[in-house]
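Breakdown of the fold
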Amino acid sequence: MVQHWINPSSEIILGESANRTVSAVLPFLYHSSKAVPLIVLLHGYTANGPLQNFYFNLHQHARFGGYALLYPDGLIDANNNRYWTATDACCDLNNVGNNDAAYIKGLIDELSSKANIDQNRIFLVGHSNGAFMSYRMACEYPELLAGIVTLAGATYYDNSVCTAMSDAADRKLSILHIHGTQDNTIRYAGGNIRGVLYPSAAQTIASWQSNLGCTVTDLVYEKDLNIEFYTLGKDTHVYKTQDGTCPQGRDITKWEIVGGIHIPIFSLHYPHHVFQWLNSHSRV
């Protein structure tokens, strides 16, 4: 590989077409001699990559923290809203059937051909439709990912769809599931989108404990965090898999935002806590 420095203000443009764009940003003082971890940020329904990047406020934390950041756009549907074809429930509302999982994998592969990406530390971070998309990616390409961070989303209601999880060697990934208890769009207790069911937070976690080979379904309380801007004190309960109940290198963490809604207003602590979780996970 030819070694080179990347100008701190530059972006790598990938996979552009007439109706979707994607930008990849490398860390400050990136040098191709050192592999860097990657975050793929997936927006919610009606949003786009730059808007999601602004909302989650991960950009500067990634660049100063040594991460590459990739934030693509979904396609535009008949209602002029951007979306991902994720699970059966969300959110290909016009039944176009685009293979967005293959598209996102292709972007990761393309960026990996242009920059030195640490293949053991590739993460997806998704909100709402992007969270559903993250679970689909984990189902279809578990060997690609070190972990996913999901806000206000869910996995498939029928967990048997995750057929790629049958190979135990590919299941070395971890999950941070974030959900507000008062989310009226993607309900914490589960629900449906146009009659198609999606599971509750508890069902989502139970399905992935099974997928990852964990032996105990109950999560244990660890601590409280403050991640919402307008909440005085600590508003989020943190629960984790019990030590020794999942194979090495795999775990599930739940951040339960008490009273949290679908689009929380995050405090300045939120990106810091997310990067603490990311920094503690790798496929090796």
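Because the structure is a prediction, the values reported are computed rather than measured.

Summed over the entire model, instances satisfying the criterion amount to 12 aromatic pairs. Measuring from ring centre to ring centre gives 6.4 Å for Phe123 and Trp277, while their planes differ by 70°; the resulting arrangement is edge-to-face. Pair noted here: Phe123 is in strand E7 (residues 117–127) and Trp277 is in helix H6 (residues 269–279), with a separation of 154 residues, a long-range link. Phe123 gets classed as buried once you look at its relative accessible area, which sits at 0%. By relative accessible area, which is 7% here, Trp277 ends up buried. Both rings, one in Phe229 and one in Tyr230, keep their centres 5.0 Å apart while their planes meet at 90°; by these two values the pair is edge-to-face. A residue is classified by how much of its surface remains accessible, and Tyr230, at 66% relative accessible area, is exposed. Over the face of the ring belonging to Tyr239 we find Lys254, whose NZ or CZ atom lies 4.9 Å from the ring centre.

All told, the structure shown has three disulfides when counted by the stated rule. At a sulfur-sulfur separation of 1.8 Å, the disulfide partner of Cys139 is Cys162. With Cys139 in helix H4 (residues 129–140) and Cys162 in the loop between strand E8 (147–151) and strand E9 (174–180), the pair connects residues that are 23 residues apart, well separated along the chain. Residue class for Cys139 comes out buried when judged on its relative accessible area of 2%.

The predicted coordinates should not be examined in detail at positions where pLDDT is low. Put simply, the chain has an average pLDDT of 91, and 91% of its residues get 70 or more. Note on residues 1–10: pLDDT is under 50 here. Beyond four places in sequence and across chains, it has 20 contacts.

Take the side chain of Asp235 next. Within the fold, Asp235 resides in the loop between strand E12 (219–225) and strand E13 (236–241). Buried charged residue Asp235 carries no salt bridge. Nearest counter-charge: Lys234, at 10 Å. A polar contact is formed between the side chain of Asp235 and the backbone nitrogen of Ile227, at a distance of 3.3 Å.

If the charged atoms of two oppositely charged side chains come close together, the side chains can form a pair. The final tally for this structure, using the stated rule, is five salt bridges. The salt bridge involving Glu110 is made with Lys114; its shortest N-O contact spans 3.2 Å. One end of the pair, Glu110, and the other, Lys114, are both in helix H3 (residues 100–114), four residues apart, so they sit about a helical turn from each other. We note a salt bridge from Lys254 to Glu256, for which the minimum N-O separation is 3.6 Å. Since its relative accessible area comes to 13%, Lys254 is described here as buried.

This paragraph deals with a nonpolar patch on the surface. Together, Phe229, Tyr230 and Ile265 make up a nonpolar patch on the protein surface, roughly 380 Å² of accessible area in all. Summarising the element assignment, Tyr230 is placed in the loop between E12 and E13.

One can find Glu228 in the loop between E12 and E13. Setting aside residues no more than four positions away along its own chain, Glu228 makes contact with Asp235, Ile257, Gly260, Pro264, Ile265, Phe266 and Ser267.

Ranked by size, the top nonpolar core spans 50 residues in total, and within it Leu38, Leu70, Ile104, Met137 and Trp208 carry the most contacts. Aside from chain neighbours lying at most four places away, what touches Leu70 is Leu14, Val22, Ser23, Ala24, Leu38, Ile39, Val40, Leu41, Leu107 and Ile108. The next biggest cluster of nonpolar side chains, apart from the first, holds 28 residues, and it includes Leu58, Phe123, Val125 and Ile178.

Here we take up the environment of Ala102. With respect to the helices and strands, Ala102 occurs in helix H3. Classification of Ala102 as partly exposed rests on a relative accessible area of 33%. Considering only alpha carbons, one finds Ala102 and Thr215, 113 residues apart in sequence, at a separation of 31 Å.

The next thing to look at is H4. For H4, spanning 12 residues, the distance from its first C-alpha to its last is 16 Å, which sits close to the expected 16 Å at 1.5 Å a residue. Burial runs high along H4: 11 of the 12 residues are buried.

It is worth spelling out unusual backbone geometry at this point. Backbone torsion omega between Cys90 and Cys91 reads 0°, so that peptide bond is classified as cis. Here Cys91 is to be found in the loop between strand E6 (82–83) and H3. The phi dihedral of Ala152 falls on the positive side, at around 60°, and the residue is not glycine. Within the fold, Ala152 resides in the loop between E8 and E9. Residues other than glycine seldom take positive phi values, yet Arg194 does so here, at roughly 55°.

Thresholds, definitions, all that
- Residues numbered from 1 in each chain as written.
- Predicted model: local features only at pLDDT ≥ 70, side-chain atom pairs only at ≥ 80, totals over all residues.
- Heavy atoms only, no water.
- Phe/Tyr/Trp six-rings, centres within 6.5 Å; stacked < 30°, edge-to-face > 60°.
- Helix = DSSP H or I, 4+ residues; strand = E, 2+ residues; numbered from the N terminus.
- Buried < 20%, exposed > 50% of the residue type's maximum accessible area, 1.4 Å probe, protein only.
- Lys NZ or Arg CZ within 6 Å of the ring centre and 35° of its normal.
- Disulfide = S-S within 2.5 Å.
- pLDDT = per-residue confidence, 0-100.
- Contact = heavy atoms within 4.5 Å.
- Lys, Arg positive; Asp, Glu negative; His and termini not counted.
- Salt bridge = Lys/Arg side-chain N within 4 Å of Asp/Glu carboxyl O.
- Polar contact = N/O pair within 3.5 Å; in protein donor to acceptor, adjacent residues only side chain to side chain.
- Patch = residues over 30% accessible without salt bridge, like charges linked within 9 Å, V, L, I, M, F, W, Y side chains within 5 Å.
- Areas by Shrake-Rupley, 256 points an atom, 1.4 Å probe, with all protein chains shown as cover.
- Core = buried A, V, L, I, M, F, W, Y, C linked by side-chain atoms within 4.5 Å.
- Expected span 1.5 Å × (residues − 1).

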